[in-house]
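Descriptive analysis of the structure
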Amino acid sequence: MPAAAIEPPSLCNEQKPQQFLVNAHFDSFIAKGGTSREWQQVLRKAVRYRTEQYGYVKGFGDKSWNASTPTDQASVVTFFGLSVSLHSRIAPALACVETAIRAQCAGQPYQPYVLSGLRKRNTYLNGEASNHVYGIALDVDPKRNPCCGCVGEWGESERCQNEKTKFERMDMPSCWVTQFERFGFYWLGHAKIEDTMHFEFLADPSQIVRKPELVR
């Protein structure tokens, strides 16, 4: 088993996802006892916040809040040797996640094969806006880390059959989840649909990078 590497001082603040953005997931909000009417209010707040922070997505919110689009602000970044398009504002957070994984998860080696980031088409139902269209969501190896509560081929995956925990169904080590969560990413494996491939940055993008004097 590889020895754990020494993690260098992080260039990023550790943050937690903002709860109102987590609550913008319809199924999870309803599962916790919320009503559809209450969720609509949460969704409006979340759409406005994401528009102001990351750009206007057609069909959601108001262009007057931010005339730029997530695509306008996207950049291609590298994560474990793979290229993926994401919103440029969250690129530093993903770099810090990789540094932490390499240091903290060496005893559970894992190399991703496929990444998916920014999308131009919304893939959510119920009027919900996917964080992929804002460029702040990342899928890691969909076939190896299934979404057993999703529709179509995902729920029919062989990995989703029989009585298994979500960690038993996926190849990605749980240590990876821990490191993503340190830097403001929410893992949709926690949600009702158990989308184990999916991470989304729901913390404050203005607080990602640490002040130089705090980096030791």
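How each quantity is defined
Residues numbered from 1 in each chain as written. Predicted model: local features only at pLDDT ≥ 70, side-chain atom pairs only at ≥ 80, totals over all residues. Heavy atoms only, no water. Helix = DSSP H or I, 4+ residues; strand = E, 2+ residues; numbered from the N terminus. Buried < 20%, exposed > 50% of the residue type's maximum accessible area, 1.4 Å probe, protein only. Pairing = 2+ DSSP bridges. Contact = heavy atoms within 4.5 Å. Axes fitted to C-alpha atoms, helices over the stretch in contact; angles between N-to-C directions. Disulfide = S-S within 2.5 Å. Core = buried A, V, L, I, M, F, W, Y, C linked by side-chain atoms within 4.5 Å.

A positive phi angle, near 50°, is found at Phe-80, a position not held by glycine. Counting through the fold element by element, Phe-80 comes out in the loop between strand S1 (74-79) and strand S2 (82-87). Look at Phe-80 and you get buried, because its relative accessible area is 7%. If you check the backbone angles, Asp-141 has positive phi at about 50° while not being a glycine. Classification of Asp-141 by relative accessible area gives buried; the value is 3%.

Strand order in the open sheet formed by four strands is S3-S4-S6-S5, and the pairing between neighbours is antiparallel. Looking at strand neighbours, the two that pair on one side only are strand S3 (115-116) and strand S5 (185-187), the edges of this open sheet. Pairing between strand S4 (residues 137-140) and strand S6 (residues 198-201): three bridges, direction antiparallel. Within the sheet, the bridge partner assigned to Ala-137 lies in S6 and is Glu-200. Sheet strands in contact with helix H6 (residues 174-182) are S4, S5 and S6, and its direction is about 145° off that of S5.

We now examine the state of the cysteines. Evaluation of the coordinates by the stated rule reveals four disulfides. One disulfide in the model links Cys-12 with Cys-96; its S-S distance is 2.1 Å. Taking the sign of the S-S torsion, about 80° here, the bridge from Cys-12 to Cys-96 comes out right-handed. Taken together, the residues span a long stretch of sequence, with Cys-12 in the segment before helix H1 (19-22) and Cys-96 in helix H4 (residues 91-104) at a distance of 84 residues. Note on cysteine connectivity: Cys-105 is disulfide-linked to Cys-175, with sulfurs 2.0 Å apart.

Here we come to the nonpolar core. Grouped together as the largest cluster of nonpolar side chains are 45 residues, with contacts concentrated most on Phe-79, Tyr-134, Trp-176, Phe-180, Phe-185 and Phe-201. Setting aside residues no more than four positions away along its own chain, Phe-180 makes contact with Phe-79, Leu-94, Val-97, Ile-101, Leu-138, Phe-185 and Phe-199. With 13 residues, the next largest nonpolar core counts Leu-21, Ala-46, Tyr-49 and Tyr-186 among its residues.

None of the figures reported here should be taken as evidence of function without further support.
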